[in-house]
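Report on the structure
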Amino acid sequence: MNLRVRVSMSMVLLAIMSLTTTPARAAAPGDVVSAQPTTVYLLPGKLLEVPVNAWHLRYNSTSATGSVNTVSGTLLVPKSGYPLGARPIIGYAFGTHGLGDQCAPSVSMSQGREAELALVSLFLLKGFAVAMTDYEGLGTPGLHTYMAGVSQGHAVLDSIRAASRVSGAGLSSQAPVAVMGYSQGGASAGWAAQLQPTYAPELRLRGVAAGGVPADLHAVAAHLDGGADFGLAAAAGVGLDAAYPELDLEADLNDRGRALLADAADDCVGDLSKLAGLRFADLSPIDLMNQPKWLARLGQNRLGAVAPRVPMFLYHARGDQIIPLAVGSTLRSEYCRAGVNVRWTALPAPDHVTGAIEGGPLAIEWLALRVYGLPAFGNC
């Protein structure tokens, strides 16, 4: 064998070795697992198809404890071009839908029964793309980690990352970005704002609007205990238990509590009313919410300890019967003391749902101005 042949064979062997020894890139947050075209409707019976390009997404994100997970969601992109540069991407965080996979926003949109799509459409009319997460465990295997704010914030930020990576969507990783949410979505938006500088610093976040924010879960649970909306507090207990296995909620429940929460584990929000009037004391022989393990995790999921670096629009209904106004105003005060540029609006709305209706259009217009690059003026 001559020298030239020996050298050629050596080069081939080296190439083969490099192919077999190079490790595959680890899954990264925001990586698209799948993107399937879908259709969304404004009305039941699949009436009034929303005239956009739409994808049902599965993408990588990060759990509350730092492990890689897969989350589902929906991406909507207007069919018309965007004349002002890179099309903005809005991360829209939905309010409470429930604990079962059938409750996921991506499911309700595909069936024409998603009320929040009315607000989402206001963004679409401006030419903005909207990425909407289903959150961890809602529409994907595993339990929904309802109200685990860290997980929810990750899911929102990674939905935006994933949107810019969907082939054919025409979106840029350099696009201006904004986030909006109300109720569970308000907490998710707040967590996205707090986590973004360290978790997703490459996103060009311009502003965050968060309404009806359950910033302090311990305070909200105490308020809901024994009331008409106790089912939401119980669902949050189930969700946090799913996020943090050491809480081991089932072990601390009595027989009645185990039966009731097992029955509620796949309910949608409307079904949780069957728990109305109950108290945590009816479900457990111990003071659940004041156990050290619960206090620790509730503290870790309390908004306000970290200052977002972008302007914030916070809004809350004065008559909110689910999330007390004081919880929202306390978050406003903590952000203001930390130097955050906060615009606060206490709405005349008489209840929680009306707060979403009154405040949503205000939040959307405020966010649009941030996306366009106009300065924000706070009222701390």
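Scope of this entry: the structure provided in the associated data block. Predicted, not measured: the structure shown is a model, and the values here were computed from it.

Moving on, we get to the overall build of the protein chain. A count of helical and extended segments in the protein chain gives 12 helices and 11 strands. For a compact globule of 380 residues, the expected C-alpha radius of gyration is about 21 Å, and the protein chain comes in at 23 Å, within 12% of that figure. The principal-axis extent of the C-alpha atoms belonging to the protein chain is close to 90 × 50 × 50 Å. Long-range pairs, those at least 24 residues apart, make up 76% of the contacts in the protein chain between residues at least 6 apart in sequence.

For the coordinates displayed, the defined rule picks out 8 aromatic pairs. Ring-pair connections join several aromatic residues into one group, and the members of that group are Y82, F123, F128 and Y372. Taking NZ or CZ as reference, R161 lies 5.0 Å from the ring centre of Y199, over its face.

Moving on, we come to the pairing of strand 5 (residues 68-78). Counting buried positions along strand 5 gives 9 out of 11 residues, so the element sits mostly inside the fold. As judged from the 11 bridges shared by strand 4 (residues 52-62) and strand 5, these two strands associate in the antiparallel manner. Of the residues in strand 5, the one forming a bridge with H56 is T74. Hairpin connection, strand 4 to strand 5: the antiparallel pair is bridged by 5 residues, and G66 has positive phi, about 95°. Inspection of the sheet shows strand 5 paired to strand 7 (residues 129-133) by 4 bridges, in the antiparallel sense. Each residue of the ladder has a partner; that of G73, found in strand 7, is T133.

This part is about the packing of helix 6 (residues 217-224) against helix 7 (residues 230-243). Contact pair helix 6 / helix 7: the axes reach a minimum separation of 8 Å and the direction vectors enclose 140°. In terms of orientation, helix 6 lies oblique with respect to helix 7. With respect to the hand of their crossing, helix 6 and helix 7 are arranged in left-handed fashion. Contacts between helix 6 and helix 7 pair L217, A221 and L224 from the former with F230, L232, A233 and L240 from the latter. Residues of the contact of helix 6 with helix 7, tallied by class, amount to 7 nonpolar, no polar and no charged.

What follows deals with the environment of A169. Structurally, the position occupied by A169 is in the loop between helix 4 (149-163) and strand 8 (176-182). Sequence separation between A169 and N53 is 116 residues; the distance between their C-alpha atoms is 7.8 Å. Residues in contact with A169, not counting those within four places in the same chain, are W55, L75, V77 and A163.

A rise of 1.5 Å per residue sets the reference length of helix 4, with its 15 residues, at 21 Å; its end C-alpha atoms lie 21 Å apart and thus fit the reference within 8%. By the criterion of burial, helix 4 is predominantly enclosed, with 15 of the 15 residues buried.

Taken in spatial order, the 9 strands make up an open sheet running 1-4-5-7-6-8-9-10-11, and their pairing is mixed. Taken across any chain shown, the strands that pair with only one partner, and hence form the sheet edges, are strand 1 (32-37) and strand 11 (342-347). Strand-to-strand twist across the sheet, computed as the mean angle between neighbouring axes with direction ignored, equals 20°. With 7 bridges joining them, strand 8 and strand 9 (residues 204-211) adopt parallel strand pairing. The partner of M180 across the bridge, within strand 9, is A209. Sheet strands touched by helix 5 (residues 184-199): strand 4, strand 6 (89-93), strand 8, strand 9 and strand 10 (312-317). Its angle to strand 8, the strand with the most contacts, is close to 145°.

In the structure shown here, the tally under the stated rule is 2 disulfides. With its sulfur 2.1 Å from that of its partner, C103 forms a disulfide with C268. Taking the torsion about the S-S bond as the criterion, the C103 to C268 disulfide, at about -95°, is left-handed. Highlighted residues: C103 in the loop between strand 6 and helix 2 (105-110) and C268 in the loop between helix 8 (255-264) and helix 9 (280-283), separated in sequence by 165 residues. For C103, a relative accessible area of 2% translates into the label buried.

This part is about unusual backbone geometry. The phi dihedral of Y135 falls on the positive side, at around 75°, and the residue is not glycine. Turning to its location among the elements, Y135 is positioned in the loop between strand 7 and helix 4. The phi dihedral of D248 falls on the positive side, at around 45°, and the residue is not glycine. Within the element layout of this structure, D248 appears in the loop between helix 7 and helix 8. A relative accessible area of 39% means that D248 is categorised as partly exposed.

Residues of helix 10 (residues 292-300) that are buried: W294, R297 and L298. Along the axis of helix 10, the buried positions cluster into a sector of 100°, meaning they face one direction only. The inward-facing, buried residues of helix 10 contact helix 6 and helix 7.

About the criteria used
- Residues numbered from 1 in each chain as written.
- Predicted model: local features only at pLDDT ≥ 70, side-chain atom pairs only at ≥ 80, totals over all residues.
- Heavy atoms only, no water.
- Helix = DSSP H or I, 4+ residues; strand = E, 2+ residues; numbered from the N terminus.
- Rg over C-alpha atoms; globule rule 2.2 N^0.38 Å.
- Contact = heavy atoms within 4.5 Å.
- Phe/Tyr/Trp six-rings, centres within 6.5 Å; stacked < 30°, edge-to-face > 60°.
- Lys NZ or Arg CZ within 6 Å of the ring centre and 35° of its normal.
- Buried < 20%, exposed > 50% of the residue type's maximum accessible area, 1.4 Å probe, protein only.
- Pairing = 2+ DSSP bridges.
- Axes fitted to C-alpha atoms, helices over the stretch in contact; angles between N-to-C directions.
- Parallel < 35°, antiparallel > 145°, perpendicular 65-115°, else oblique.
- Left-handed = near helix turned anticlockwise from the far one by under 90°.
- Nonpolar A, V, L, I, M, F, W, Y, C, P; charged D, E, K, R; others polar.
- Expected span 1.5 Å × (residues − 1).
- Disulfide = S-S within 2.5 Å.
- Arc of directions from axis to C-beta.

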